[in-house]
Amino acid sequence: MLHTDPATTSAAPMTPTAVDPATEGPSPGSSRPRILVPEKLSPDGLALLTPHFDVDVRQGVSPDELLSIIPGYQGLIVRSETKVTAEVLRAGAKLKVVARAGVGVDNIDVPAATARGVIVINSPAGNIVAAAEHTVALLLATARNVGRADRSIKDGRWERGQLVGVEVGRKTLGIVGLGKVGLHVARMAKGLGMTVIAVDPYANPDMAKQAGVELYPSLHDMLPVLDFLTIHTPLLATTMDLIGEAEFKAMKKTARVLNVARGGVYNEAALLQALDEGWIAGAGLDVFTSEPPTADSVASRLTKHPKVVATPHLGASTVEAQENVSMDVCTQALEILRGGLPTSAVNAPIILPEQYRKLQPSVSLVEKMGKLYSQHFAGNKINMVGGRKFELIYHGELAGLPNTKPLLAALVKGLVASFSDSNVNIVNATQIAKEKGITISETHAHDSGKNQTYVNLVTLKSYPDGGAGAGAKGAQVIEGYASNKRLYISRLDRFNATFSPEGTLIILHNYDEPGKIGGVGTVLGSHGINIRFMQVAALSAEFRGDWTPPTDDGLQPTLSQESLADAAQHHQQQQQLQQQAGDEALMILGIAGNVDKKVMDDLQQAEGVLDVSVVTL
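Everything quoted here is computed from the prediction, not taken from an experiment.

Asker: Quick one: what's the story with the sheet that holds strand β21 (residues 530–539), residue by residue and with numbers?
Answerer: The strands making up a sheet associate through hydrogen bonds between their backbones, and the pairing can be parallel or antiparallel. Pairing in this open sheet of 10 strands is mixed, and the strands run β15-β14-β16-β17-β18-β19-β21-β22-β20-β23 from one edge to the other. Every other strand in the sheet has two partners, leaving β15 (439–445) and β23 (609–616) as the edge strands with one partner each. Neighbour-to-neighbour, the strand axes of the sheet open up by a mean angle of 20 degrees, direction not taken into account. Summarising the sheet, strand β16 (residues 458–463) and strand β17 (residues 476–483) pair through five bridges and their orientation is antiparallel. The residue bridging Leu 460 from the neighbouring strand is Ile 478, located in β17. Sheet strands in contact with helix α17 (residues 405–416) are β14 (389–395), β15 and β16, and its direction is about 135 degrees off that of β14. Lying over the sheet, helix α19 (residues 516–526) contacts β20 (504–511), β21 and β22 (584–592), oriented at roughly 30 degrees with respect to β22.

If you want it as structure tokens, here you go:
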């Protein structure tokens, strides 16, 4: 649902502006997540969100207003104007994602977001072409004095003789930062007949060579030989004031500088002095340290300087770029708020699209395995989860993936879901696991045999504190896989199974004898509970005849609220029956209906039933 001001919408239908959510927000009782969009965003991206969330588009929100309304939102999508400070993040207790519709995130306090488990995403590829083209536009405009010529002719002056420019062909362009934008600029400059050199310690030499770019060892070596300089790096402590007085003095007097990256990579005071003193010939600037530049500031004086061509941060301001970044971040926000994975998280490992496709089904599977463990084995008790060691073992194709952190995060989320409302994700999973006393290791098993049957088989093992490794006493096992977009549990402790971890399940540990299914069905029928599906999981061959009753180590579910002493007596009686009973089995029932204490008691008292647990997935 997109909430807009009707008057504004009728006047400008393509740029909806929302009204106060208090007066035109979600309908009472709405449980849909809410997303705040305080800046103009392409409607195509918003159209992805509105079927699933309540989207409030409110352009022109002041900092104080943002603080007052942000507590009601799970998502926030901004461009460059809105400042997402630590204070805003503290106020936004429900926030799960902050999206920047663009590349830079210097208007977002990323460390504060990380500390609160808020995923910060951006769109690093959406405006590559737009930023590169604007760089070349400023390059040509500064070379041919386009800005001054335009102003003079509009003022009625014909100053042709005073506006002689230079050709860019056969000139040298120096690039700092040969990333996606920098590389695109390089290719365009080569098309203009320019020589291109670059400085970037992380650049791929082969890729630079293919683009016809010569890599220089340092900025100091490159500055004296270039005719134009452009910088394409993020604004970091290492890039702040990257070009200052010494650097300007090292350049040719005929050199010109360009900035379509971030205000601050050039020291603005030094740049103003370089232009005034004639150390360089001109500048093309699209970004500034304060936007818009405050009156009488250095930035403001630069915009008015006769040797400067200035534009108001138009690097990404094309119809195509705005649509691209809007679609990108809205797609990611949709995935995150629906429990999926981001593809361009600033404060989490980058997940490539092909890795994302392979990981996504297993992320859901591992989260459900965590929930199954905490409810079936630990009985929803934090003290039965905290202090234990868990091992995730990846088989088949999963074992070859370099980034499995989303799977680890999914396990933590599943384990703590029953007793904590923590917002667990790939940003804060490690920290939450540490707080809960949960230790998790990951093993990439490049094995053969049965595990090669499935390309994404996952084994979860749990060991009591102090015990780990194959054969450790007290270890519990859950195994599962994804197939054709469906999830399956194939092993539950000592039992082979094949069931979907969906909905409400009743899991009974019983003797594998005739009549058990009918008896359970009678009990559930008497309580008006329908059975959606049923599966009997047989004891694995290696465990036949090797059963011991559950102990008080917290690994087995509670027995209808009985005390441990009563449970021990119960199992002693069952041991005597086992000699006549043969093998054990698990009966897994998918049910529809309310399972209360009376249902559990009746099931537990059924002949041959050893344990009962109810699991909601």
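Asker: Give a detailed account of the packing of aromatic side chains, specifying residues and quantitative values.
Answerer: With the rule as written, the count across this model stands at four aromatic pairs. Taking 6.3 Å as the distance between ring centres and 15 degrees as the angle between the ring planes, the aromatic pair formed by Phe 248 and Tyr 266 counts as stacked. Of the two residues, Phe 248 sits in helix α12 (residues 245–250) while Tyr 266 sits in the loop between β11 (256–259) and α13 (268–277), which places them 18 residues apart along the sequence. Across this residue pair, the class does not change: Phe 248 and Tyr 266 are buried. Here Tyr 481 and Tyr 488 contribute two aromatic rings whose centre-to-centre distance is 5.3 Å and whose plane-to-plane angle is 25 degrees, an arrangement assigned as stacked. By relative accessible area, Tyr 481 is classed as buried at 8%. Residue Tyr 488 is classed as buried on the basis of its relative accessible area, which comes to 19%.

Asker: Before we move on, can you summarise a negative patch on the surface with the specific residues and values?
Answerer: Taken together, the side chains of Asp 44, Glu 133, Glu 320 and Glu 323 make up a negatively charged region of the molecular surface. Tracing the backbone shows Glu 323 in helix α15 (residues 319–337).

Asker: Any chance you could break down the pairing of strand β8 (residues 195–199) for me, citing the residues and the numbers?
Answerer: The buried fraction of β8 is high, at four of five residues. For the crossover that starts at strand β7 (residues 172–176), traverses helix α9 (residues 180–191) and ends in the parallel β8, the hand is right-handed. Of the pairings in the sheet, the one linking β8 to strand β9 (residues 213–215) comprises three bridges and is parallel in character. Along β9, the bridge assignment pairs Ala 198 with Leu 215. In this view, the connection linking β8 to its parallel neighbour β9 by way of helix α10 (residues 205–210) has right-handed handedness.

Asker: Provide a residue-level description of unusual backbone geometry, including the pertinent values.
Answerer: Each neighbour pair has its own omega, and for Glu 291 with Pro 292 the value is -10 degrees, a cis peptide bond. Following the sequence through the fold, Pro 292 ends up in the loop between β12 (282–285) and α14 (298–303). With a phi close to 60 degrees, Asp 493 is a non-glycine residue in the positive phi region. Topologically, Asp 493 is positioned in the loop between β18 (486–492) and β19 (495–499).

Asker: Break down α9 for me, with residues and values.
Answerer: In this model, α9 (12 residues) spans 17 Å end to end at C-alpha, consistent with the 16 Å of a helix rising 1.5 Å per residue. On its buried side, α9 packs onto α7 (128–143), β7, β8, α10, β9 and β10 (228–231). Following α9 by one or two positions, Gly 193 has its phi on the positive side, about 85 degrees.

Reading the values: the criteria
- Residues numbered from 1 in each chain as written.
- Predicted model: local features only at pLDDT ≥ 70, side-chain atom pairs only at ≥ 80, totals over all residues.
- Heavy atoms only, no water.
- Pairing = 2+ DSSP bridges.
- Helix = DSSP H or I, 4+ residues; strand = E, 2+ residues; numbered from the N terminus.
- Axes fitted to C-alpha atoms, helices over the stretch in contact; angles between N-to-C directions.
- Contact = heavy atoms within 4.5 Å.
- Phe/Tyr/Trp six-rings, centres within 6.5 Å; stacked < 30°, edge-to-face > 60°.
- Buried < 20%, exposed > 50% of the residue type's maximum accessible area, 1.4 Å probe, protein only.
- Patch = residues over 30% accessible without salt bridge, like charges linked within 9 Å, V, L, I, M, F, W, Y side chains within 5 Å.
- Areas by Shrake-Rupley, 256 points an atom, 1.4 Å probe, with all protein chains shown as cover.
- Salt bridge = Lys/Arg side-chain N within 4 Å of Asp/Glu carboxyl O.
- Lys, Arg positive; Asp, Glu negative; His and termini not counted.
- Charge placed at Lys NZ, Arg CZ, Asp CG, Glu CD.
- Right-handed = clockwise from strand over helix to strand, strands pointing away.
- Expected span 1.5 Å × (residues − 1).

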